[in-house]
Every structure is written in structure tokens, then in C-alpha cells.
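Commentary on secondary and tertiary structure
Here is how the chains run, residue by residue.
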Amino acid sequence: MNSVVLAGGLDVLGDSLLNTLGDWGDKGLKVILTLVVLVIIARSLSVKAAIGAVLAMIIALSLYASRDSLASLFSDEINNPASGAGQVTAVFTPDRGPVL
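Just so you know, these numbers come straight off a predicted model, no measurement behind them.

The rules behind each value
- Residues numbered from 1 in each chain as written.
- Predicted model: local features only at pLDDT ≥ 70, side-chain atom pairs only at ≥ 80, totals over all residues.
- Heavy atoms only, no water.
- Helix = DSSP H or I, 4+ residues; strand = E, 2+ residues; numbered from the N terminus.
- Buried < 20%, exposed > 50% of the residue type's maximum accessible area, 1.4 Å probe, protein only.
- Areas by Shrake-Rupley, 256 points an atom, 1.4 Å probe, with all protein chains shown as cover.
- Expected span 1.5 Å × (residues − 1).
- Arc of directions from axis to C-beta.
- Polar contact = N/O pair within 3.5 Å; in protein donor to acceptor, adjacent residues only side chain to side chain.
- Patch = residues over 30% accessible without salt bridge, like charges linked within 9 Å, V, L, I, M, F, W, Y side chains within 5 Å.
- Salt bridge = Lys/Arg side-chain N within 4 Å of Asp/Glu carboxyl O.

When its secondary structure is counted, the chain shows three helices and two strands. Relative to its full complement of 100 residues, the chain shows a buried share of 5%. Approximately 8400 Å² of the chain is accessible, and the part contributed by carbon and sulfur atoms is 70%.

Between the first and last C-alpha of helix α2 (residues 47-65) there are 27 Å, a value that for 19 residues agrees with the 27 Å anticipated at 1.5 Å per step. Taken residue by residue, α2 has A50, A53 and M57 as its buried positions. With its buried residues spanning 65° around the axis, α2 presents them on a single face. Across from the buried face of α2, at angles greater than 90 degrees, the exposed residues are V47, K48 and I59. For α2, the capping residue at the N-terminal end is S46, with a side-chain oxygen 3.3 Å from the backbone nitrogen of K48.

Note that I58 resides in helix α2. Taking the C-alpha atoms as reference, I58 lies 9.5 Å from L33; in sequence the two are 25 residues apart.

Further remarks concern a nonpolar patch on the surface. Taken together, V47, I51, V54, L55 and I58 make up a surface patch of nonpolar side chains, about 450 Å² in accessible area. Considering the arrangement of structural elements, one finds V47 in helix α2. Judged by its relative accessible area of 63%, V47 is exposed.

Turning our eyes to something else, we now look at the environment of L38. You can see L38 is positioned in helix α1 (residues 2-44). According to the relative accessible area criterion, L38 is partly exposed, its value standing at 49%. C-alpha separation for the pair L38 and V54, spaced 16 residues apart in sequence, amounts to 9.1 Å.

Note that all results are geometric; they support no functional claim without further evidence.
Here you go:
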């Protein structure tokens, strides 16, 4: 009985550790992207480079934030391909062959 309680306690500890690391990873990504943008701005001292770096950071963070909804969209498209584009139809005529 004690081994089951110990395994349950270790399971909770493992879940807590994984959640903590996941939170740190999310925050760390934002900090690293911000530092990259600041380094690009400091090295180039160009307004164009600064605007481009900020736009790239915004795009990267928005894609990262919407990763779950994008994953569900892609999996839905893979699992239900019939709701996508129409099928190609080929018409065969005896004198000309297939016509698309």
C-alpha cells in the first residue's frame, strides 16, 4: 500500500515539474525573442531592420500562441479531406482521348 501512495506522490511531483518547465519555456521563448529583436536593433541601428524584427517577433509569437487551434485545423483537414477542394473529373471521348 505504501508503494502505491509513493507512486501517486511521484506522479503529482512529475506533473508539477512538467507544468513548471512548460511555463518557463513559454516565458523563456518570449524573453529570447525580445532579446533577439533588441540585438538586431542595436547591431544594425536601422529603422527598417527594427520594424522587420518586431514584425517577425509578432508573427512568431502569434503562431506560437495559436498552435493548438492551428493543429486542430490541420488535423481536421487531414481527417476530412472531402470537405476541401473538389475532385478532378476527366471526360473520355472516343476520338480525342481524355479531356480534363
